[in-house]
Amino acid sequence: MAEKPMQAVQYNSYGGGASGLKHVEVPVPTPKNNEVLIKLEAISINPVDWKIQKGTDVAGEIVEVGAQVKDFKVGDKVIAKLTHQYGGGLAEFAVASESLTAARPSEVSAAEAASLPIAGLTARDALTEIGGVKLDGTGEPKNVLVTAASGGVGVFAVQLAKLGNNHVTATCGTRNIDIVKSLGADEVLDYKTPEGVALKSPSGKKYDVVINCTTGIPWSTFDTNLTEKGVVIDLTPGPSSMLTFALKKVTFSKKRLVPFIVNVKREGLEYLTQLVKEGKLKIIIDSKFPLSKAEDAWAKSIDGHATGKIVVEQ
Ligand SMILES: NC(=O)c1ccc[n+]([C@@H]2O[C@H](COP(=O)([O-])OP(=O)(O)OC[C@H]3O[C@@H](n4cnc5c(N)ncnc54)[C@H](OP(=O)(O)O)[C@@H]3O)[C@@H](O)[C@H]2O)c1
């Protein structure tokens, strides 16, 4: 397999954004001892992908396994999160670490599975690890705010918070209000209205947990809307939020801002695919593109107005 050429889309360092992507022919990669070679069927795009110029969330079929791979065999349908040291998922084949690969149940399509890793696990782990939300409903119900609830992360955050019987307020644009409600949000704020800008819950609720999927909302806006021990989980930490994080820490403030970066593990991939299989988690796909039009998918993601996930199918 190693000498065979494959179609791939790579970043050309002379160009930025979607125009920096070039269609090339490269050798099919060879899996190392603890890796699998996957014939890709679908990948989904995350903002982090165009920030680092690689696609990382993939689904496909294993066509070769490394000598020490124990849990997978040729022919298995899988979902994986690629690591950054290799070429990305905009290709016909990719190698993935066994530890970041999980079986894909037949009830979950390749496009659905590829939509899960980064976006789904960011939502789950931010809610549970930082927000203290229990997804099985055994915890004390919390008031959760999800900003940009129509985006790749937001659609998962709303659904997962509801699975745990929490009260969810969500922000999104006018055109996505119905879809965000259909995912279970109890209250939806249009982010371009004064109430949306102020993040005011229509029922007057203060938030215990905020999953902040946007940038540019000042701390003062969160502050007035948080409960005494409320936490804002910042998925896009910049200098201003890092300063707030440090200030809240040194002043022993009960209200907190916590920067969060997801760490994808196989357990998380298995957890989410199981929820999809059981019909408890819906995948919202904004649009699908063939590999030959990968740059259009890239441009759509950079544009920042997707509803759910953008998928490239091989
Ligand atoms: N820290 C981590 O580990 C991690 C992991 C994943 C993602 N992220 C980051 O989290 C952010 C969100 O990612 P994503 O994949 O969800 O992005 P996305 O899918 O590109 O988000 C697009 C959606 O956000 C909505 N939106 C944009 N600005 C908004 C605002 N001010 N208020 C409400 N909705 C708004 C858009 O609605 P309209 O079209 O109506 O404007 C659109 O539906 C990105 O910055 C990403 O880099 C971080």
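Notes on the structure follow. (Residues numbered from 1 in each chain as written. Predicted model: local features only at pLDDT ≥ 70, side-chain atom pairs only at ≥ 80, totals over all residues. Heavy atoms only, no water.)

**Things to note about the site of the ligand**
In the vicinity of the ligand lie 23 residues, with R175, Y191, F260, H305 and A306 positioned nearest. Between the ligand and S150 there is a distance of 2.7 Å, counted from an oxygen atom to a side-chain nitrogen or oxygen. Side-chain polar atom of R175 to an oxygen atom of the ligand: 2.6 Å apart, as the coordinates give it. Here the ligand, which alone exposes 940 Å², has 85% of that area covered by the protein. When grouped by side-chain class, the residues that make up the shell around the ligand number 11 nonpolar, 10 polar and 2 charged. Among the domains, domain 1 (5-115 + 283-313) and domain 2 (119-259) are the pair contributing at least three residues each to the shell around the ligand. (Near = heavy atom within 4 Å. Polar contact = N/O pair within 3.5 Å; in protein donor to acceptor, adjacent residues only side chain to side chain. Areas by Shrake-Rupley, 256 points an atom, 1.4 Å probe, with all protein chains shown as cover. Nonpolar A, V, L, I, M, F, W, Y, C, P; charged D, E, K, R; others polar. Domains from an automatic or database assignment.)

**Thoughts on the packing of helix 3 (residues 117-130) against helix 4 (residues 152-163)**
Interaxial distance between helix 3 and helix 4 falls to 8 Å at its minimum, and their mutual angle equals 45°. Considering the angle they form, helix 3 stands oblique to helix 4. Note on packing geometry: the crossing formed by helix 3 with helix 4 is right-handed. On helix 4, the residues touching A119, G120, T122, A123, R124 and L127 of helix 3 are G152, V153, F156, A157, L160 and A161. Class assignment of the residues belonging to the contact of helix 3 with helix 4 gives a composition of 8 nonpolar, 3 polar and 1 charged. (Axes fitted to C-alpha atoms, helices over the stretch in contact; angles between N-to-C directions. Helix = DSSP H or I, 4+ residues; strand = E, 2+ residues; numbered from the N terminus. Parallel < 35°, antiparallel > 145°, perpendicular 65-115°, else oblique. Left-handed = near helix turned anticlockwise from the far one by under 90°. Contact = heavy atoms within 4.5 Å.)

**As for a nonpolar patch on the surface**
Side chains of L243, L247 and V250 sit close together on the surface and give an oily, nonpolar patch of about 310 Å² of accessible area. Residue placement: L247 occurs in helix 8 (residues 239-250). (Patch = residues over 30% accessible without salt bridge, like charges linked within 9 Å, V, L, I, M, F, W, Y side chains within 5 Å. Salt bridge = Lys/Arg side-chain N within 4 Å of Asp/Glu carboxyl O.)

**Considerations on the pairing of strand 8 (residues 143-146)**
Of the two faces of strand 8, the one carrying N143 and L145 and the one carrying V144 and V146 are both buried. Sheet topology note: the strand 8/strand 11 (residues 207-212) ladder contains 3 bridges and is parallel. The partner of V144 across the bridge, within strand 11, is V209. (Buried < 20%, exposed > 50% of the residue type's maximum accessible area, 1.4 Å probe, protein only. Pairing = 2+ DSSP bridges.)

**Examining unusual backbone geometry**
The backbone of A148 sits at a positive phi, close to 50°, despite the residue not being glycine. Take A148: it is sitting in the loop between strand 8 and helix 4. Here L199, not a glycine, exhibits a phi torsion of approximately 60°, which is positive. For L199, the position within the fold is in the loop between helix 6 (194-198) and strand 11.

**Section: the environment of C172**
Of note, C172 is situated in strand 9 (residues 167-172). By relative accessible area, C172 is classed as buried at 1%.

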